[in-house]
Structure formats: C-alpha cells, structure tokens
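Structural characterization, general
Each chain is listed here by its residues.
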Amino acid sequence: MADVSHHRTDLRGHPDVSEMRERYARLLGERDVVFVDGPVLLAGLYLAVSPWVVHFSGNTDLAMHNLILGICVAVLGLGLTVAPTRMYSLCWTMCAIGVWLIISPWVVTGSPDAGMILNNIIVGAITCLLGLIAAGMVMRNRKVVT
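Report follows, based on the coordinates. Along each chain, numbering runs from 1 in the same order as the chain's sequence is written. A pLDDT threshold of at least 70 governs which residues receive local features in this predicted model, and a stricter bar of 80 or more applies before side-chain atom pairs are shown or counted, although totals over entire chains, interfaces and linings include all residues. Hydrogens are left out, water is left out, and the side-chain values use all remaining heavy atoms of the structure.

What follows covers the environment of I102. Helix numbering and strand numbering both begin at the N terminus, where a helix is a DSSP run of H or I of at least 4 residues and a strand a DSSP run of E of at least 2. Relative to the elements of secondary structure, I102 occurs in helix α5 (residues 91-108). Separated by 22 residues in the primary sequence, I102 and G124 have C-alpha atoms spaced 5.2 Å apart. Residue contacts follow a heavy-atom distance rule, with two residues in contact if any of their heavy atoms lie within 4.5 Å. Residues within four places of I102 in sequence aside, it is in contact with N120, I121, G124 and A125.

Take a look at the structure:
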C-alpha cells in the first residue's frame, strides 16, 4: 500500500513551479482594477432606484431614463467582475454614460427640479470618475505589457 501521509508544503522542488508562477501572475495581472467593480455595480443600482429615492416629482421620462441607464451601468459592473478582460475595454463607455447623466436632466425633461439635477450630476460624476480610473489602469497595464 502506498504511503500518502507525507505532505509537502514547499513547492520549490515541484517540476511545474515556473509554469504555476507565470499562470498565477497572468491571472492577477487581469484583475488590477478589482476595486472598481463593486462601486460601479453600486452606482448602477443606485441610479436605477434613484428616481424613487429622490422622488422625481412625477417625471416618468427621466425616471425611466435613469432606470434603464442604471441597469446598464450595473451590468457593466457585473461584467467587470465576471469577465474582466473583455469588459475593461468598455470603461470608456462608463465615462460617456457619466457625461450623459450630467446633461440628461435638461435634455430628457424640459424643466428639471433641483433634486433631479443634483442627483444626476453626482451619479454622473461618480460613474465618469470610475470609468476614468478603470480606463487609466487598463492603459497603464497595456504600456507595461508592451
């Protein structure tokens, strides 16, 4: 019967140690912007429910607009978590959505109130900032790789 009771905790003598280190480094290299995933998801979820939190005084156009864009931003955040290498190229999309959120109260509605304006400016600025951070990290990683 084979003796399997010995456990080696030291992997220095393992024949595939260099390959395992390279694979581990590759996996970690893809997740540099991990701190952006959660805030993007939360910003999207807040944006989706914000018309009912801020009480958009019966303006259904901006409420539906924020609901749809909130779901889109939340899906981007979820995508950054699930498939980071594919989704990091969409970081610039978050910047564009953030800028659009800032100007959308005046475009979507004729006369927005102060709550609508302030809500969309804050959420738009946060979304744009998170997109810029993620895009900057992606650009920095591409320069390091090349």
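Let us look at the environment of I122. Here I122 is to be found in helix α6 (residues 114-145). Look at I122 and you get partly exposed, because its relative accessible area is 45%. Along the primary structure I122 and G98 are separated by 24 residues, whereas in three dimensions their C-alpha atoms are 9.3 Å apart. When accessible area is computed with a 1.4 Å probe and restricted to protein chains, residues below 20% of their type maximum are described as buried, those above 50% as exposed, and intermediate ones as partly exposed.

Here the phi dihedral of H55 falls at roughly 60 degrees; this positive angle occurs in a residue that is not glycine. Secondary-structure assignment places H55 in the loop between α2 (34-54) and α3 (60-82).

Put simply, a disulfide is two cysteine sulfurs that come within 2.5 Å. Taken as a whole, this structure holds 0 disulfides when the rule is applied. No disulfide involves C91; its nearest neighbouring cysteine sulfur is the one of C95, lying 7.6 Å away. The class for C91 is buried, based on a relative accessible area of 1%. We note that C95 lacks a disulfide partner, and the nearest cysteine sulfur, in C128, lies 4.6 Å from it.

Residues enter a nonpolar core if they are buried and are Ala, Val, Leu, Ile, Met, Phe, Trp, Tyr or Cys, with the set joined through side-chain atoms within 4.5 Å. Within the largest apolar cluster, 18 residues are counted, with the highest numbers of intra-cluster contacts made by V40, L80, C91, M94, I97 and L101. Listing elements by their share of this core, those giving two or more residues are α2, α3, α5 and α6. With 5 residues, α6 is the single largest residue contributor to this core. Excluding residues within four positions of it along the chain, C91 makes contact with G131, A134 and A135.

Only residues whose relative accessible area exceeds 30% and that form no salt bridge are eligible for patches; like-charged ones are grouped when within 9 Å, while nonpolar side chains (Val, Leu, Ile, Met, Phe, Trp, Tyr) are grouped when within 5 Å. Only the protein chains shown count as covering a residue, and every accessible area follows the Shrake-Rupley method with a 1.4 Å probe. Whenever a carboxyl oxygen of Asp or Glu lies within 4 Å of a side-chain nitrogen of Lys or Arg, that contact is scored as a salt bridge. Side chains of Y46, V49, W52, V53, M64 and I68 sit close together on the surface and give an oily, nonpolar patch of about 570 Å² of accessible area. Elements that contribute at least two residues to the nonpolar patch include exactly α2 and α3. The greatest single-element share of the nonpolar patch, amounting to 4 residues, is contributed by α2. In this structure, V49 sits in helix α2.

The end-to-end C-alpha distance of α5, which contains 18 residues, comes to 24 Å, matching closely the 26 Å that a straight helix rising 1.5 Å per residue would cover. The quantity called bend is, for any residue, the angle between two axes fitted respectively to the seven residues ending at it and the seven beginning at it. Of all the bends in α5, the greatest reaches close to 45 degrees and is centred on I102; the proline P105 follows between one and four positions later. Within α5, the full set of buried residues consists of C91, M94, C95, I97, G98, L101, S104 and P105. A helix's residues, less one, multiplied by 1.5 Å, set its expected span.

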